[in-house]
Amino acid sequence: MSVDGEAVRLADEVQADEPGWEVDPDDEWGMAVVATVGRQLKLRREAAGMRACDFAAAVKYGEDLVYKVEGGRRIPRPEYLEKADEVLGAGGLIAAMKEDVAKVRYPKRVRELAKLESQAVEISLYSNHNIHGLLQTEDHMRALFDVWLPAHTEAETERMVAARLARRSVFERSPAPMLSFVQEEVTLRRPVGGTMVWRRQLERLLELGKLRHVSIQVMPTDVEDHFGTGGLIEVLKFADGTAVGRSDGAFAGRPVTDPKQLRILELRYGMIRAQALTPRESRAFIERMLGES
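Residues numbered from 1 in each chain as written. Predicted model: local features only at pLDDT ≥ 70, side-chain atom pairs only at ≥ 80, totals over all residues. Heavy atoms only, no water.

Enquirer: Looking at this structure, how should I read a nonpolar patch on the surface?
Expert: A surface patch of nonpolar side chains, amounting to about 290 Å² of accessible area, comprises Phe227, Leu267 and Met271. Here leucine 267 lies in helix H12 (residues 259–275). For leucine 267, a relative accessible area of 56% corresponds to the exposed category. (Patch = residues over 30% accessible without salt bridge, like charges linked within 9 Å, V, L, I, M, F, W, Y side chains within 5 Å. Areas by Shrake-Rupley, 256 points an atom, 1.4 Å probe, with all protein chains shown as cover. Salt bridge = Lys/Arg side-chain N within 4 Å of Asp/Glu carboxyl O. Helix = DSSP H or I, 4+ residues; strand = E, 2+ residues; numbered from the N terminus. Buried < 20%, exposed > 50% of the residue type's maximum accessible area, 1.4 Å probe, protein only.)

Given below as structure tokens:
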């Protein structure tokens, strides 16, 4: 086999075997997107008079993968779409599909949450079981997913990690939303993933806490009258004055938009913030934890 042929075979095997690029059969929108992209690729290839084997050689991927992508059975990588655009002379039309295709890798529920976060001007979050997903390092995420039961497949883990990492773009938006986090002390003390992963996670909290639009507070374990015993609280506010909120301990955990219900969540969150350490005190607290480790 030639060097080029070996490269094609290896590229095909890498994506064929790499988890996280399969189409989720329960995601109707995702399946429709991948099917549409595959159909467009096939039509353009045929219009260019190229056989699948010739196209595969041109983009340096295996013929089997080409058939899977065109048949809507495999999510194409961004570089696959870029090479296809170049080979077929699509003028950027195929490459432009990358954004929608990238979203397909994320679970439906996460896509909906990420969309809300991308539109919010103010986000308030209280976490009492784990460090909030937006604050987690990649290694911390993987360590958490690895101990879930029943166990996730490697593909499911990759999909969830990719989705959670994508949500972190909320920190880089312009104009930036106001982000407020309250974390239970126990979530910071649990050495998820081992000492090095845990230390890097604490350092990540300190890094994010330096951002002007981010407030991170620690709720000490020894607080007696604790208003956060109802569990997680999330409140997202939007530029048009509307909002959506959710809490494990209120309204059966369902998202709510009714102003009266939202006021209850905001009241609870406000009291939790008042009981927690201030952002400055919280930073010193985290620094002491790092010093003690």
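Enquirer: Mind showing me how you'd approach the sheet that holds strand S4 (residues 233–238) here?
Expert: Hydrogen bonds between backbone groups are what pair the strands of a sheet, and the pairing can be parallel or antiparallel. What the five strands build is an open sheet, ordered S3-S2-S1-S4-S5; its pairing is mixed. The open sheet has two edge strands with one neighbour each: strand S3 (214–219) and strand S5 (243–247). The sheet shows a mean angle of 5° between the axes of neighbouring strands, direction not considered. The sheet contact formed by S4 and S5 spans five bridges and is antiparallel. Each residue of the ladder has a partner; that of lysine 237, found in S5, is alanine 243. (Pairing = 2+ DSSP bridges. Axes fitted to C-alpha atoms, helices over the stretch in contact; angles between N-to-C directions.)

Enquirer: What should I look at first to understand helix H8 (residues 138–146) in this one?
Expert: In an α-helix, one full turn covers 3.6 residues, which means residues spaced three or four apart are oriented alike. His140, Met141, Ala143, Leu144 and Phe145 are the residues of H8 that are buried. As for H8, its buried residues are in contact with helix H9 (154–167) and helix H11 (195–209). (Contact = heavy atoms within 4.5 Å.)

Enquirer: Quick question: what am I supposed to make of the pattern of salt bridges here?
Expert: Any two side chains of opposite charge can pair, given that their charged atoms come close. Inspection of every chain in the model, using the stated rule, returns 15 salt bridges. As a salt-bridge pair, arginine 142 and glutamate 138 come within 2.9 Å of each other at their nearest N and O atoms. Of this pair, arginine 142 and glutamate 138 both sit in helix H8, four residues apart, which is roughly one turn of the helix. Given the relative accessible area of 24%, arginine 142 is considered partly exposed. As a salt-bridge pair, arginine 283 and glutamate 287 come within 3.5 Å of each other at their nearest N and O atoms. Of this pair, arginine 283 and glutamate 287 both sit in helix H13 (residues 279–292), four residues apart, which is roughly one turn of the helix. Looking at glutamate 287, the relative accessible area reads 40%, which means it is partly exposed. The network of salt bridges with common partners includes Glu138, Arg142 and Glu158.

Enquirer: Explanation requested: H11 in the structure shown.
Expert: If you check H11, its first and last C-alpha atoms are 21 Å apart, about what 15 residues at 1.5 Å a residue would give, namely 21 Å. Looking only at H11, the buried set comprises Val197, Trp198, Gln201, Leu202, Arg204, Leu205, Leu206 and Leu208. Those residues of H11 that are buried are in contact with H8, helix H10 (185–189), S3 and H13. (Expected span 1.5 Å × (residues − 1).)

Enquirer: Even after reading the chapter, I still don't get the environment of threonine 137, so can you show me in this structure?
Expert: As for its placement among the helices and strands, threonine 137 is situated in the loop between strand S1 (120–127) and H8. Judged by relative accessible area, which is 9%, threonine 137 ranks as buried. Separated by 28 residues in sequence, threonine 137 and leucine 165 place their C-alpha atoms 8.4 Å apart. Polar contacts involving the side chain of threonine 137 include one to the main-chain amide nitrogen of histidine 140, which spans 3.1 Å. (Polar contact = N/O pair within 3.5 Å; in protein donor to acceptor, adjacent residues only side chain to side chain.)

Enquirer: What should I look at first to understand the packing of helix H3 (residues 52–59) against helix H5 (residues 78–88) in this one?
Expert: In a pair of packed helices, the angle between the axes and the distance between the axes together describe the arrangement. For the pair H3 and H5, the least separation of the axes is 9 Å and the interaxial angle reads 115°. When the axis of H3 is compared with that of H5, the two are roughly perpendicular. With respect to the hand of their crossing, H3 and H5 are arranged in right-handed fashion. Packed against H3, whose contacting residues are Phe55, Ala58 and Val59, the element H5 presents Tyr80, Lys83, Ala84, Val87 and Leu88 at the interface. Considering only residue class, the contact of H3 with H5 consists of seven nonpolar, no polar and one charged. (Parallel < 35°, antiparallel > 145°, perpendicular 65-115°, else oblique. Left-handed = near helix turned anticlockwise from the far one by under 90°. Nonpolar A, V, L, I, M, F, W, Y, C, P; charged D, E, K, R; others polar.)

Enquirer: Would you mind showing me how to read the pairing of S5 here?
Expert: Side-chain direction in a regular strand flips from residue to residue, so the side chains alternate between the two faces of the sheet. Counting buried residues in S5 gives five out of five residues, a clear majority hidden from the surface. Neither face of S5 is open: one carries Ala243, Gly245 and Ser247, the other Val244 and Arg246, and all of them are buried. Between S4 and S5, which pair antiparallel and follow one another directly, the connecting turn spans four residues, one of which, glycine 241, has a positive phi of 95°.

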